[in-house]
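# A structural walkthrough
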Amino acid sequence: MGASRAGRGREWGSVPEELSARVPAEQRGPGRDRDSVRLLVSRGTEVSHHAFAELPGRLKAGDLLIVNTSATLAAAVDGRIGHARVVVHFSTRGDDGRWAVELRDPDSRGTTRARAGGPAGTVVCLPGDARLVLEEPLTARGQRLWWGRVPDADVLGLLRRYGRPIRYSYTDRDQPLSVYQTVFALPSDDGAGSAEMPSAARPFTSRLVAELVSRGVQFAPVTLHTGVASAESHEPPYPERYEVPEVSARLINAARAGGGRIIAVGTTAVRAVESATGEDGLVRAAKGWTGLVVTPERGVRAVDGLLTGLHEPEASHLLMLEAIAGGAAIERAYDEALRGRYLWHEFGDVHLILPEGPHTERYSRNSTSE
């Protein structure tokens, strides 16, 4: 699929710079709220254009939305290596107390540039007299993310006191942490969370959730703590911590049995629920680490549809979208998104992928996929 992805990326071309959403929707003008974004709806290769506030009209009673409840952390902290300034992105906390971290170079715009990690033994001085010691690369695939240890310091406390949300170069300015929390975010018992916002759920407001519930749409919460995405190199996702509670597994199975469509809100929700789904298509309570990468070859077992943001042509997430809808449908949708001047990235517009035909066929087709 690597060659196919590269070829299709060239067909789409790069996303024009002016289509990057630089500020949240509610800051683009008076009277706007989080749901003041556009909604591109795909059903096979048929595409239609809507406001996100019209989402309840695109769904029906008995449909179920899987939502990620992970809260976003203030995961970026300033540091120094010798006299050189760096920014540390704290990505994922390991079971042994270490953290997967990414080091970045600050630039003149208040954002950061990619920086090679390592070598082992590098010491990064952090605020509050804390020190980060790099130990080894996270994977053999590259040097971007490293396992590091902060001796004698509470990293989550350090983030709460000195951290700020991770910000990328296409945004205009720093934003408060509240801007990066979704309406579904819940604090976890151990204080863990996501290095980057599960952004597909950002346009939801309490008002919209209430309207969906009043129309008979159900919600099933799951948790997947997202790590730092590869802003430049679009690496495949690496293992992340997740949980699918028993009550959510039962809700999803019951909705499926009742003829409802199972629609994940975000690629993180897909990864979590598919990690808890057996070859028989049944979802079971599960928690731990998932290294699952959803591709067209693997297919999906529990999910019929997806609500997601718009991804760069090189992004590995597009393989997941193709697994759900097929390559022709995704290519058509992205052609329409570019033509319609939709906005990209976490503050941008969203894409609803619905099944083309009777969704019961999807379960039988994918239930034995590997």
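Presented here is an overview of the structure given in this document. (Residues numbered from 1 in each chain as written. Predicted model: local features only at pLDDT ≥ 70, side-chain atom pairs only at ≥ 80, totals over all residues. Heavy atoms only, no water.)

## Some remarks on the overall build of the chain
Counting its secondary structure elements, the chain contains nine helices and 16 strands. Taken along the three principal axes of its C-alpha coordinates, the chain extends 60 × 45 × 40 Å. A sequence separation of at least 24 residues applies to 72% of the contacts in the chain between residues at least 6 apart. About 15,400 Å² of surface is accessible on the chain, with carbon and sulfur atoms providing 50% of the total. With 45 positive and 47 negative side-chain charges, the chain shows a spacing of 2 Å between the two charge centroids. (Helix = DSSP H or I, 4+ residues; strand = E, 2+ residues; numbered from the N terminus. Contact = heavy atoms within 4.5 Å. Areas by Shrake-Rupley, 256 points an atom, 1.4 Å probe, with all protein chains shown as cover. Lys, Arg positive; Asp, Glu negative; His and termini not counted. Charge placed at Lys NZ, Arg CZ, Asp CG, Glu CD.)

## Some points on the environment of L186
If you trace the backbone, L186 turns up in the loop between α3 (155-162) and α4 (206-214). Between the C-alpha atom of L186 and that of T69, which follows or precedes it by 117 residues, the distance is 5.5 Å. In this view, L186 contacts T69 and A71; residues no more than four positions away in its chain are not counted.

## Considerations on the environment of L65
The residue L65 is located in strand β3 (residues 64-68) in this model. Residue classification places L65 among the buried residues on the basis of a relative accessible area of 2%. Spatially, the C-alpha atoms of L65 and V217 are 7.4 Å apart, while their sequence positions differ by 152 residues. Ignoring anything within four residues of it in the chain, the contact list for L65 reads L59, F204, L212, V217, Q218, F219, A220, I263 and V265. (Buried < 20%, exposed > 50% of the residue type's maximum accessible area, 1.4 Å probe, protein only.)

## Description of helix α7 (residues 317-325)
Among the nine residues that make up α7, seven are buried, leaving the element largely enclosed by the rest of the structure. Of the residues making up α7, those classed as buried are L318, L319, M320, L321, E322, A323 and I324.

## Observations concerning the nonpolar core
I66, V244, I252, V283, I324, Y334 and W344 are the most contacted members of the largest nonpolar core, which has 42 residues in total. Of all the elements, α7 adds the most residues to this core, at five residues. With sequence-adjacent residues up to four places away left out, V244 is seen in contact with V222, A249, A272, V273, A276, V283, R284, A285 and A286. One finds F90, A100, L145 and W147 within the second-largest nonpolar core, a separate group that totals 32 residues. (Core = buried A, V, L, I, M, F, W, Y, C linked by side-chain atoms within 4.5 Å.)

## Concerning the sheet that holds strand β1 (residues 38-43)
On the basis of which strands lie adjacent, the open sheet formed by nine strands has the order β2-β1-β16-β15-β13-β3-β11-β12-β14 and mixed pairing. Every other strand in the sheet has two partners, leaving β2 (46-51) and β14 (286-290) as the edge strands with one partner each. In this sheet, adjacent strand axes meet at a mean angle of 20° when their direction is disregarded. Note that β1 and strand β16 (residues 350-354) share five bridges and pair parallel. Of the residues in β16, the one forming a bridge with R43 is L354. On top of the sheet, helix α6 (residues 267-275) reaches β3, β11 (218-224), β12 (240-244), β13 (262-265), β14 and β15 (305-309); it is set at about 85° to β11, its chief contact. (Pairing = 2+ DSSP bridges. Axes fitted to C-alpha atoms, helices over the stretch in contact; angles between N-to-C directions.)

## Section: the packing of aromatic side chains
Here the structure, examined in full by the defined rule, presents seven aromatic pairs. Ring centres 5.8 Å apart and planes at 85° place the aromatic pair F90 and W99 in the edge-to-face group. Centre to centre, the rings of Y334 and W344 are 6.1 Å apart; their planes meet at 70°, and the pair counts as edge-to-face. With Y334 in helix α8 (residues 327-339) and W344 in the loop between α8 and β16, the pair connects residues that are 10 residues apart, well separated along the chain. A residue is classified by how much of its surface remains accessible, and Y334, at 2% relative accessible area, is buried. (Phe/Tyr/Trp six-rings, centres within 6.5 Å; stacked < 30°, edge-to-face > 60°.)

## Let's talk about the pairing of β15
The buried fraction of β15 is high, at five of five residues. Here β15 shows no split at all, with G305, L307 and G309 on one side and L306 and T308 on the other all buried. Here β13 runs beside β15; their pairing, made up of three bridges, is parallel. Bridge assignment links V265 to a residue of β15, and that residue is L307. Direction of pairing for β15 relative to β16: antiparallel, over a ladder of four bridges.

## Remarks on α3
The complete set of buried residues in α3 reads V155, L156, L158 and L159. All buried residues of α3 project into a common sector of 160° when viewed along the axis, lining one side. Those residues of α3 that are exposed and angled more than 90 degrees off the buried face are R160 and R161. Looking at the buried side of α3, the elements it contacts are β4 (76-81), β5 (84-93) and β6 (99-106). Measuring from the backbone nitrogen of L156 back to the side-chain oxygen at the start of α3 gives 3.3 Å, which picks out D154 as the cap. (Arc of directions from axis to C-beta. Polar contact = N/O pair within 3.5 Å; in protein donor to acceptor, adjacent residues only side chain to side chain.)

## Quick notes on the side chain of T92
By the element assignment, T92 lies in strand β5. What makes T92 buried here is its relative accessible area of 7%. Separated by 3.3 Å, the side chains of T92 and S91 make a polar contact. Those residues within four positions of T92 in sequence are excluded, and the remaining contacts are R98, W99, A100, W147, G227, Y238 and W289.

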